[in-house]
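So you can see what is in the structure, the chains are spelled out below.
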Amino acid sequence: MRKNFGAKPFLFPQPVMIIGTYDENGKANAMNAAWGGIVGSDEIMIDLSSHKTTDNIMRNKAFTVSVGDVEHMVACDYVGLVSANKEDRKMEKAGFTTTESSFVHAPIINELPLTLECELLEVIGGSKYLGKIVNVSIDERVLGDDGQLSLEKFSPITYDTVHYGYYRLGEKVGNAFKDGAALK
């Protein structure tokens, strides 16, 4: 038997996305975005209500999306709780330092190992920000022997939209585009 819940955002895993922007004075800002994801091979969409971040995105036509990890979970949650409009030292309090992307006018958060560097393509329906991923930068400390991102070294967190928790992703359980061949 199944139980119906109506229209809910119950898609798992939901990445913890930290959106990085620069304000009108070139100061880095970050916020935690709960709604969004990859919508094409080089596109991402995030749904944001009105924030300093959205003003910054519109001004600069650029943003970064870093993926929250276990090590920085508290800081990632903090930047979602506190507005840069009210806390001038938001990034410092989070313990985040930044480097400007070489590809877009937006900050890379040095402490978060995976960052998508994006240019704004359009805003849909007033709140959905569609970005073109122009580069992905990855800290070498989470690269495997093959030079690619290793989920054995990187511990991204996922957001539980039901109980409002953060969870670490688990172990590898199979091989994509291979294991299903056993049913052919």
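Residues numbered from 1 in each chain as written. Predicted model: local features only at pLDDT ≥ 70, side-chain atom pairs only at ≥ 80, totals over all residues. Heavy atoms only, no water.

As recorded in an unreviewed UniProt entry, the chain goes by the name Flavin reductase family protein, listed as coming from Candidatus Pullilachnospira stercoravium. In its Cofactor (unreviewed entry) section, the UniProt record describing the chain reads: "FMN". On record in UniProt, under Sequence similarities (unreviewed entry), the comment for the chain is "Belongs to the flavoredoxin family." (UniProt positions renumbered as here; feature names shortened; annotations may be inferred.)

**Q** Would you take a moment to explain the UniProt feature "domain: Flavin reductase like" (unreviewed entry) in the chain for this structure?
**A** In the numbering used here, UniProt assigns the feature "domain: Flavin reductase like" (unreviewed entry) to residues 10–148. Helix makes up 17% of residues 10–148 and strand 40%, and the two end C-alpha atoms of the span are 30 Å apart. (Helix = DSSP H or I, 4+ residues; strand = E, 2+ residues; numbered from the N terminus.)

**Q** Where do I start with the sheet that holds strand S8 (residues 114–124) in this structure?
**A** The pairing of strands in a sheet comes from backbone hydrogen bonds and takes either a parallel or an antiparallel form. Read from one edge of the open sheet, 7 strands run S2-S1-S5-S8-S9-S4-S3, paired in antiparallel fashion. Every interior strand has two partners, whereas the edge strands, strand S2 (28–33) and strand S3 (36–40), have only one. Averaged over neighbouring strand pairs, the angle between their axes works out to 35° when direction is ignored. Note: strand S5 (residues 62–67) against S8, 5 bridges, orientation antiparallel. Residue pairing in the sheet places phenylalanine 63 in a bridge with cysteine 118 of S8. Each of strand S1 (17–22), S2, S5, S8 and strand S9 (128–138) is contacted by helix H1 (residues 52–60), which is oriented at about 55° to S1, the strand it contacts most. Strands in contact with helix H2 (residues 73–81) are S1 and S2; relative to S2, the strand with the most contacts, it is inclined by about 95°. (Pairing = 2+ DSSP bridges. Axes fitted to C-alpha atoms, helices over the stretch in contact; angles between N-to-C directions. Contact = heavy atoms within 4.5 Å.)

**Q** Is there a simple way to explain unusual backbone geometry in this structure?
**A** Most of the time, phi is negative for any residue but glycine, and the peptide bond is trans. With an omega dihedral of -5°, the bond running from phenylalanine 12 to proline 13 counts as a cis peptide bond. Within the secondary structure, proline 13 sits in the segment before S1. For tyrosine 164, which is not glycine, the phi dihedral falls at a positive 60°. Along the chain, the position of tyrosine 164 falls in the loop between strand S10 (157–160) and strand S11 (165–168). With relative accessibility at 62%, the residue tyrosine 164 sits in the exposed group. Of note, the phi angle at phenylalanine 177 is positive, near 60°, even though the residue is not glycine. As for its placement among the helices and strands, phenylalanine 177 is situated in the segment after S11. Residue class for phenylalanine 177 comes out exposed when judged on its relative accessible area of 91%. (Buried < 20%, exposed > 50% of the residue type's maximum accessible area, 1.4 Å probe, protein only.)

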